[in-house]
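# Fold and geometry: a report
Given next are the chains, with one letter for each unit.
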Amino acid sequence: MAREAAINRTTKETDISLKFSVDGSGNSKIDTGIGFFDHMLESFARHGFFDLDVQVTGDLAVDGHHTIEDTGIVLGSAIKKALGDKKGIRRYGSCMLPMDETLALCAIDLSGRPYLVFDAEFTTDRVGYMETEMVKEFFYAVSYRAKMNLHLKVLSGSNNHHIIEGMFKAFARALDEATGIDPRITGILSTKGSL
């Protein structure tokens, strides 16, 4: 059965159409109206081997907050829906990813219990037209909607572009590992019998 999801979400602030496939090839079609955010989502799809189609119309005349946060909400919902009952998945994934001077760490547990630990500092208010404070808000929204335990930590780095991109790529690689099917796993990888 295909592990994919399509979600549409419309509010007074955003109109989002998103398609997500766990077992993709890294293809993406992204248009959020925020160029750097598009670049990050493209990197996420490419490095996680996910197929991702995201089309967003948001209230960018206000700022990018609603667009970025709501995209995180919808992506997290799509991840959860695509994984279904999580039978056979590895559940855990981690990646320590270098990008030039930056070293980013991501660890994931698809436990069904949402939690975010975010340890990164930025020295600029924005990269391109994306506010750097929205990086945490995006990952918070994803983690809570996907019901995943998500740890993101920047171990070193000085270039804000590299730091953010390193985090998105590390997240992609860790999620790819966590969603992978392990033939040794029968049923759910939990003593509880469910995730």
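This one's a predicted model, so the numbers in the text were calculated from it and none came from an experiment.

### Some remarks on the overall build of the protein
Scanning the protein from N- to C-terminus turns up four helices and 10 strands. Ordered by position in the sequence, the α and β elements of the protein form the string β-β-β-α-β-α-β-β-β-β-β-α-β-α. The globule rule puts the C-alpha radius of gyration for 195 residues at 16 Å, and the 16 Å found for the protein is close to it. Referenced to the eigenvectors of the C-alpha coordinate spread, the extents of the protein come out at roughly 50 × 40 × 30 Å. Among the 195 residues that make up the protein, the fraction classed as buried is 50%. Of the contacts formed within the protein by residues at least 6 apart in sequence, a portion of 77% connects residues at least 24 apart. If you sum the accessible surface of the protein, you get close to 9,300 Å²; carbon and sulfur atoms cover 48% of it. Treating the 22 positive side-chain charges of the protein as one cloud and the 27 negative ones as another, the clouds have centres 10 Å apart.

### Details of the packing of helix H1 (residues 35-48) against helix H2 (residues 65-83)
The interhelical angle for the contact between H1 and H2, taken along N-to-C directions, is 20°, at an axis separation of 12 Å. For the element pair H1 / H2, the angle class is roughly parallel. Handedness of the crossing formed by H1 with H2: right-handed. Of H2, the residues touching H1 (which contributes Phe-37, Leu-41 and Phe-44) are Thr-67, Ile-68, Thr-71 and Leu-75. For the contact of H1 with H2, the residue count by class is five nonpolar, two polar and no charged.

### Some details on the sheet that holds strand S4 (residues 51-58)
The four strands lie next to each other as S1-S2-S4-S3, forming an open sheet whose pairing is mixed. Strand pairing shows two members of the sheet lacking a second neighbour, strand S1 (4-10) and strand S3 (28-31), which therefore form its edges. Within the sheet, the average angular offset between the axes of one strand and its neighbour, ignoring direction, is 5°. As paired elements, S3 and S4 share four bridges and run parallel to each other. Bridge pairing in S4 places Asp-31 opposite Gln-55. Of the strands in this sheet, strand S2 (14-21), S3 and S4 touch H1, which is tilted by about 160° from S3. Those strands touched by H2 are S1, S2 and S4, and its axis lies near 35° from that of S2.

### Thoughts on the pairing of S1
Pairing between S1 and S2: seven bridges, direction antiparallel. From the neighbouring strand, Arg-9 faces S2, where its bridge partner is Ile-16. Where S1 folds back on S2, the antiparallel hairpin that results is connected by three residues.

### As for the sheet that holds strand S6 (residues 102-109)
Taken in spatial order, the four strands make up an open sheet running S5-S6-S10-S7, and their pairing is mixed. Strand pairing shows two members of the sheet lacking a second neighbour, strand S5 (92-99) and strand S7 (115-119), which therefore form its edges. Direction aside, neighbouring strands of the sheet carry axes that sit 10° apart on average. Across the sheet, helix H3 (residues 134-146) touches S7 and strand S10 (149-156), and the angle it forms with S7 is around 160°. Contacts from helix H4 (residues 160-179) reach S5, S6, S7 and S10 within the one sheet, and its direction differs from that of S5 by about 150°.

About the cut-offs
- Residues numbered from 1 in each chain as written.
- Predicted model: local features only at pLDDT ≥ 70, side-chain atom pairs only at ≥ 80, totals over all residues.
- Heavy atoms only, no water.
- Helix = DSSP H or I, 4+ residues; strand = E, 2+ residues; numbered from the N terminus.
- Rg over C-alpha atoms; globule rule 2.2 N^0.38 Å.
- Buried < 20%, exposed > 50% of the residue type's maximum accessible area, 1.4 Å probe, protein only.
- Contact = heavy atoms within 4.5 Å.
- Areas by Shrake-Rupley, 256 points an atom, 1.4 Å probe, with all protein chains shown as cover.
- Lys, Arg positive; Asp, Glu negative; His and termini not counted.
- Charge placed at Lys NZ, Arg CZ, Asp CG, Glu CD.
- Axes fitted to C-alpha atoms, helices over the stretch in contact; angles between N-to-C directions.
- Parallel < 35°, antiparallel > 145°, perpendicular 65-115°, else oblique.
- Left-handed = near helix turned anticlockwise from the far one by under 90°.
- Nonpolar A, V, L, I, M, F, W, Y, C, P; charged D, E, K, R; others polar.
- Pairing = 2+ DSSP bridges.

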